[in-house]
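The residues making up each chain are set out below.
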Amino acid sequence: MDLRIQKTKAAIKKAFLDLRRKKPIEKITVTELSKIAEINKATFYLHYSDIYSLTEEIEDEVIDEILGDIPGLNRFPDDPKKHAAEIFRAFLNKRELLTSIFSGSRHGNFANKIEKRIKSRLYAQFPELRSASNDVVLTFLIQGAFYTVSESSPGRAAECSEEYDTITRITNCIISELKTNAESAVY
């Protein structure tokens, strides 16, 4: 990609993130964003169709970064607690974005989008893991970790750790119950 294009897109994204920290996405205009990015509106539209297409691109980039922070998806069936820790840590690493950028109307969309991408990646690599019980556990882990981190304030690190312990304890209970039900269904 051309260096000028990279710099322009970086300026657009920085301006958007600065604005997004201050106001909901519905209140951000291309005119305002262009002024802050020091570009004209035509330049913005050269790269994005609207504010929402820019948002989608940024969300996808953040999801890619989060997925890069979760190295052990293949450990999920053997060690769900370790997997939960990796997901939780990946969200913690992006806490500032989760609590500001992806708040408001985009909050639930982002959580669902990242859940879908994690499951897709796991099941593509390990199709034999696809099951209703694994799907339930993954949904709980991903959504639980996402909302725990995104709803907690930065000064609440200790409480976040306690909430993580609760999530992993409940996850282990769910897995035990699912295994017990699966074993009793076999007999």
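The shown structure was predicted, so the numbers you read here are calculated from the model rather than taken from an experiment.

What counts and what doesn't
Residues numbered from 1 in each chain as written. Predicted model: local features only at pLDDT ≥ 70, side-chain atom pairs only at ≥ 80, totals over all residues. Heavy atoms only, no water. Core = buried A, V, L, I, M, F, W, Y, C linked by side-chain atoms within 4.5 Å. Buried < 20%, exposed > 50% of the residue type's maximum accessible area, 1.4 Å probe, protein only. Helix = DSSP H or I, 4+ residues; strand = E, 2+ residues; numbered from the N terminus. Contact = heavy atoms within 4.5 Å. Phe/Tyr/Trp six-rings, centres within 6.5 Å; stacked < 30°, edge-to-face > 60°. pLDDT = per-residue confidence, 0-100. Axes fitted to C-alpha atoms, helices over the stretch in contact; angles between N-to-C directions. Left-handed = near helix turned anticlockwise from the far one by under 90°. Nonpolar A, V, L, I, M, F, W, Y, C, P; charged D, E, K, R; others polar. Expected span 1.5 Å × (residues − 1). Polar contact = N/O pair within 3.5 Å; in protein donor to acceptor, adjacent residues only side chain to side chain. Salt bridge = Lys/Arg side-chain N within 4 Å of Asp/Glu carboxyl O.

### Details of the nonpolar core
Taken as a class, soluble globular proteins show a tendency for nonpolar side chains to be buried jointly. Grouped together as the largest cluster of nonpolar side chains are 46 residues, with contacts concentrated most on Phe16, Leu33, Phe44 and Phe91. Elements represented by at least two residues in this core include exactly helix 1 (3-22), helix 2 (30-37), helix 4 (51-68), helix 5 (80-93), helix 6 (95-101), helix 7 (107-125) and helix 8 (132-151). Once residues lying within four places of it in the same chain are set aside, the contact partners of Phe44 are Ile12, Val30, Leu33, Ser34, Ile39, Asp50, Ile51 and Leu54.

### Observations regarding the packing of aromatic side chains
Here the distance between the centres and the angle between the planes together describe a pair of aromatic rings. The tally for this structure, following the rule as stated, stands at 5 aromatic pairs. With 5.3 Å between their ring centres and 85° between their planes, Phe44 and Tyr45 make a pair best called edge-to-face. By relative accessible area, which is 0% here, Phe44 ends up buried. Tyr45 sits in the partly exposed class, given a relative accessible area of 43%. With a centroid separation of 5.0 Å and an interplanar angle of 90°, the aromatic rings of Phe146 and Tyr147 are classed as edge-to-face. With relative accessibility at 0%, the residue Phe146 sits in the buried group. What links up through ring pairs into an aromatic cluster is the set Phe91, Phe110, Phe146 and Tyr147.

### Considering the confidence of the model for the chain
Taken over all residues, the pLDDT of the chain has a mean of 82, while the share at 70 or more is 84%. Here helix 9 (residues 157-186) is the element of the chain with the lowest mean pLDDT, 65, and helix 2 is the one with the highest, 97.

### Section: unusual backbone geometry
Keep in mind that most residues, glycine aside, have a negative phi and that most peptide bonds are trans. In this model, Glu38 sits at a positive phi of 60°, which is unusual for a non-glycine residue. Topologically, Glu38 is positioned in the loop between helix 2 and helix 3 (41-47).

### Topic: the packing of helix 1 against helix 2
For the pair helix 1 and helix 2, the least separation of the axes is 8 Å and the interaxial angle reads 120°. Crossing angle aside, the handedness with which helix 1 passes helix 2 is right-handed. Together, Ala11, Ile12, Ala15, Phe16 and Leu19 of helix 1 and Glu32, Leu33, Ile36 and Ala37 of helix 2 make up the contact between the two elements. Classifying every residue of the contact of helix 1 with helix 2 gives 8 nonpolar, no polar and 1 charged.

### Some details on helix 4
Think of an α-helix as turning once every 3.6 residues; residues three or four places apart then point the same way. For helix 4, built from 18 residues, the straight-helix expectation of 26 Å at 1.5 Å per residue is met to within 8% by its first-to-last C-alpha distance of 26 Å. Taken residue by residue, helix 4 has Ile51, Leu54, Thr55, Ile58, Glu59, Val62, Ile63, Ile66 and Leu67 as its buried positions. For helix 4, the side-chain oxygen to backbone nitrogen distance between the N-cap and Tyr52 is 3.0 Å, and the N-cap itself is Asp50.

### Observations regarding the pattern of salt bridges
All chains considered together, the criterion is met by 15 salt bridges. Its salt-bridge partner being Lys9, residue Glu57 comes within 3.4 Å of it at the nearest N-O pair. Within this pair, whereas Glu57 is found in helix 4, its partner Lys9 is found in helix 1, the two being separated by 48 residues in sequence. Lys14 serves as the salt-bridge partner of Asp18, at 3.0 Å between the closest nitrogen and oxygen. With a gap of 4 residues between them, Asp18 and Lys14 both fall in helix 1, about one helical turn apart.

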